[in-house]
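Observations on chain architecture
Here's the letter readout for the chains.
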Amino acid sequence: KYLNMLDAGHAFKQAISTKNPLIIWELTKNNFLSYNEFLNILVGVILINYRFSIGKTYKINTLRNNYGNKVNELIKLNPPDESYKFLFELMRPDIRNAIGHQTIWFNKEDNIVTYLNDKTGDNEIISIEDFILLNSKASYLGEAYLVALGTIGIFTIGKPIDKTRLPKELFLFLMNIISPQ
């Protein structure tokens, strides 16, 4: 899922420069589906870890729940950290399902994307600009995920000097929330 997301994000970024609406539309849908598939797995892991961190019970089979249920459960837990707001913005199981079921289309004349919400049975709309904006934001998830894993690795198995070699802003940010031990 991670590699698919990286490939789709790269293709999406390249498509924007073509200025060809059909190519942009197709690669935007592909990127949207790929990053939501990645988030589907990631949200399950986040749920397990977040529930554990706040002393609530958790189940490993959470990973098998459908994406919409995982998203709803995380929203219900209402984590206070600002970074979750970014995730909540990107997680759109309704649009992901519409792409997967091919019940989404782009009206070029009105610049809107219409999709069938499979939960309500209603057609919903989002502007093409907002759809592309979500994809643009998500196209950097791969790099952010890699930085997060590297940082966790440095804090878990690295030496104290390794921590100081992180970018200054990241190091200072982490020192404010993690004890230096």
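Residue numbers restart at each chain and count upward from 1, following the sequence in its written direction. Only residues with pLDDT of at least 70 get local features here, since the model is predicted, and only at 80 or more are side-chain atom pairs given and counted; chain-wide, interface and lining totals rely on the full set of residues. Side-chain descriptors were evaluated using all non-hydrogen atoms of the structure, hydrogens and water having been removed beforehand.

So, the nonpolar core
Stated formally: By convention a nonpolar core is built from buried Ala, Val, Leu, Ile, Met, Phe, Trp, Tyr and Cys residues, the set being connected through side-chain atoms within 4.5 Å. The buried label goes to any residue with under 20% of its type's maximum accessible area, the exposed label to any with over 50%, and the partly exposed label to all in between, with areas taken from a 1.4 Å probe on protein chains only. What counts as a helix is a DSSP run of H or I of at least four residues, what counts as a strand is a run of E of at least two, and both are numbered from the N terminus. Working rule for contacts: check all heavy atoms of both residues, and any pair within 4.5 Å makes them a contact.
Of all hydrophobic cores here, the largest spans 31 residues; its most connected members are Tyr35, Leu39, Met91, Ile95, Ile104 and Phe131. Among the secondary structure elements, those contributing two or more residues to this core are α2 (21-53), α3 (67-77), α4 (83-90), α5 (93-100), β2 (112-116) and α6 (128-138). With ten residues, α2 is the largest single contributor of residues to this core. Leaving out residues up to four positions away in the same chain, Met91 has contacts with Asn36, Leu39, Val43, Tyr67, Val71 and Leu74.

Re the packing of α2 against α4
If you want to describe how two helices pack, look at the angle between their axes and the distance between the axes. Definition in use: Between N-to-C directions, angles cover 0 to 180 degrees, with each direction set by a line fitted to C-alpha atoms, over the stretch in contact for helices. Each angle receives one of four descriptions, namely roughly parallel if under 35 degrees, roughly antiparallel if over 145, roughly perpendicular if within 65 to 115, and oblique otherwise. Note: crossing handedness is left-handed where the near helix turns anticlockwise from the far helix by less than a right angle, and right-handed where it turns clockwise. Lys, Arg, Asp and Glu make up the charged group, whereas Ala, Val, Leu, Ile, Met, Phe, Trp, Tyr, Cys and Pro make up the nonpolar group; the residues left over, Gly among them, are polar.
Packing of α2 against α4 leaves a shortest axis separation of 11 Å and a crossing angle of 140°. As judged from the angle between their axes, α2 and α4 are oblique. Relative to α4, α2 is oriented so that their crossing is left-handed. Contacts from Tyr35, Asn36, Leu39, Ile46 and Tyr50 of α2 reach α4 at Tyr84, Leu87 and Leu90. Residue classes in the contact of α2 with α4 are distributed as seven nonpolar, one polar and no charged.

Some thoughts on unusual backbone geometry
A positive phi angle is found at Gln102, which is not glycine, with a value near 55°. Within the fold, Gln102 resides in the loop between α5 and β1 (104-107). Phi is positive for Asn111, which is not a glycine, with a value near 55°. By the element assignment, Asn111 lies in the loop between β1 and β2.

A short note on α3
An α-helical turn contains 3.6 residues, so a residue and the one three or four places further along point in the same direction. Where we set the bar: Two N or O atoms count as a polar contact when they lie within 3.5 Å, although within protein this holds only if one can serve as hydrogen donor and the other as acceptor, and sequence-adjacent residues are included solely when both atoms are side-chain atoms.
Regarding α3, the residues found buried are Tyr67, Gly68, Lys70, Val71, Leu74 and Leu77. At the N-terminal end of α3, a side-chain oxygen is found 3.1 Å from the backbone nitrogen of Gly68, two or three residues along, and the residue is Asn66.

A look at the pairing of β2
Along a regular strand, successive side chains alternate from one face of the sheet to the other. Threshold: The rule for pairing is simple: two strands pair if DSSP sees at least two bridges between them.
Bridging between β1 and β2 involves four bridges; their strand directions are antiparallel. Note on β2: the bridge partner recorded for Asn107 is Ile112. Sheet topology note: the β2/strand β3 (residues 123-127) ladder contains five bridges and is antiparallel. Across the sheet, Tyr115 pairs through a bridge with Glu124, a residue of β3. Where β2 hands over to β3, the hairpin turn is made up of six residues, of which Gly121 adopts a positive phi near 80°.

Details of the pattern of salt bridges
Put simply, the rule reads: By convention in these notes, a salt bridge is any Lys or Arg side-chain nitrogen within 4 Å of a carboxyl oxygen on Asp or Glu.
Here the structure, examined in full by the defined rule, presents eight salt bridges. Here Lys13 ties to Glu143 by a salt bridge, and the two come within 3.9 Å at their closest N and O atoms. Of this pair, Lys13 sits in helix α1 (residues 2-16) while Glu143 sits in helix α7 (residues 141-157); the two residues are 130 residues apart in sequence, bridging distant segments of the chain. In this structure, the salt-bridge partner of Glu37 is Arg96, at a minimum N-O distance of 2.8 Å.

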